[in-house]
Amino acid sequence: MDIPHSLLKALVFLLIPYFSTAQYTDVINSNRPGRAVSAYAVGKNVVQAEFGLLYEQQDDANLNSDSNIFGTDFSIRYGLLFEQLEVVYEGSFINQNITFIDTNLEDTRTDFSRNRAGLKYLVFDPFKDPEKNKPNLYSWRANNVFQWKNLIPAVSIYAGATFNLGENPFFVDVPTVSPRVAVATQSRLSPRFVLISNVAYDRIGTDFSQWSYAVSLTHAFRNPKWSVFFENQGFFGGVSNDMLLRTGVAYLINQDLQADFHLGSNFKNDPSRLFTVLGFSYRLDFHKDELVPIENQKPTNNKKISRQNFKKNRRKKKKKKDF
């Protein structure tokens, strides 16, 4: 079946975003909902804030206590110097009201449960070469079906520090500053499915060093403004061991603003956790596309177009000679 030329142009327009090589995208690229971090940066000169309001119910069987937690989690991301580099600050500030059932005593704890900053850099992008990742203009299925090569992920590395300022009741005797490193991967399984995984090592060189991981799968609906995600996160060592499950949805309000909601729980009773989070992501877009010098541009592979351009230039030169 012949495909009209106008339809081919429309397909190119729709598919090119999936194969873009730059970090920057026309639509906000948020790490929310959930805690898994994308391998890609926000883009040079983009400032992005991601903010969430959280409520958590904790019941500790060992201490025979109940607690309610209210708080915020947030991050500030900035594309620094070039497309692959991002500086990021992440924090969670909470207020925990605890009731000890045996004694009927109450206690309140308020401080940062997460407070860290660092740099993330993209070291490998499987879509860097646009010539190897052109869309198939004649087959919708070829562009949307799962392919083994889609498992090859983009990879970024992170280096930073975790801060424990003042007398933090959640981290007693933990050093004020300790190193943190992480690796983030991201695979586009299909245009609608994205798989993200993280591995991190926190508070390196201290008695509270901790390994953690996060695996997140996101699915975009036919209405691209809506997406759903499922995430598993685990912690080993440090102050406590735990494993969490999260699920939720995100809605794109406009190209610079996203809203999200998720809920989750863990699998143990010391303490058991049940939480919900309502969040928003917003960016200030100061990104500018950098023009590639003519001498650095790759020559076209379309010989017909090259001959046409050659003929046009030759006709222009002849006209100048006639004058």
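Worth saying up front: this structure is predicted, and the values here are computed from it rather than measured.

The biggest cluster of nonpolar side chains holds seven residues, and these are Leu 54, Ile 69, Ile 94, Phe 170, Phe 171, Val 174 and Val 277. Ignoring any residue separated from it by four or fewer positions in sequence, one finds Phe 170 in contact with Ile 94, Gln 96, Arg 109, Thr 110, Asp 111, Phe 112 and Val 239. Counting five residues, the second-largest nonpolar core is a separate cluster that includes Ala 39, Tyr 40, Leu 122 and Ala 154.

In this section: the packing of aromatic side chains. Considering all chains together, one arrives at seven aromatic pairs under this definition. A ring pair is formed by Phe 93 and Phe 112, whose centres lie 5.1 Å apart and whose planes are at 75 degrees; its orientation type is edge-to-face. Separated by 19 residues along the polypeptide, Phe 93 in strand β3 (residues 85–100) and Phe 112 in strand β4 (residues 105–124) bring together distant segments of the chain. Positioned above the aromatic ring of Phe 171 is the side chain of Arg 203, whose terminal nitrogen or guanidinium carbon lies 4.5 Å from the ring centre.

Now for the pairing of strand β12 (residues 272–285). Summarising the sheet, strand β1 (residues 46–60) and β12 pair through 14 bridges and their orientation is antiparallel. Note that in β12 the partner of Glu 56 across the bridge is Phe 275. Across nine bridges, the pairing between strand β11 (residues 257–266) and β12 is antiparallel. By the bridge assignment for β12, Ser 265 is matched with Leu 274. Between β11 and β12, which follow one another and run antiparallel, lie five residues.

As defined by bridge partners, β3 adjoins β4 across 16 bridges and the pair is classed as antiparallel. Looking across to β4, one finds that Gln 96 is bridged to Arg 109. In textbook terms, the turn of a hairpin is the stretch between consecutive antiparallel strands, and for β3 and β4 this stretch comprises four residues, one of which, Asn 104, has a positive phi near 60 degrees. As defined by bridge partners, β4 adjoins strand β5 (residues 154–163) across eight bridges and the pair is classed as antiparallel. Bridge pairing in β5 places Tyr 121 opposite Ile 157.

The rules we used
Residues numbered from 1 in each chain as written. Predicted model: local features only at pLDDT ≥ 70, side-chain atom pairs only at ≥ 80, totals over all residues. Heavy atoms only, no water. Core = buried A, V, L, I, M, F, W, Y, C linked by side-chain atoms within 4.5 Å. Buried < 20%, exposed > 50% of the residue type's maximum accessible area, 1.4 Å probe, protein only. Contact = heavy atoms within 4.5 Å. Phe/Tyr/Trp six-rings, centres within 6.5 Å; stacked < 30°, edge-to-face > 60°. Helix = DSSP H or I, 4+ residues; strand = E, 2+ residues; numbered from the N terminus. Lys NZ or Arg CZ within 6 Å of the ring centre and 35° of its normal. Pairing = 2+ DSSP bridges.

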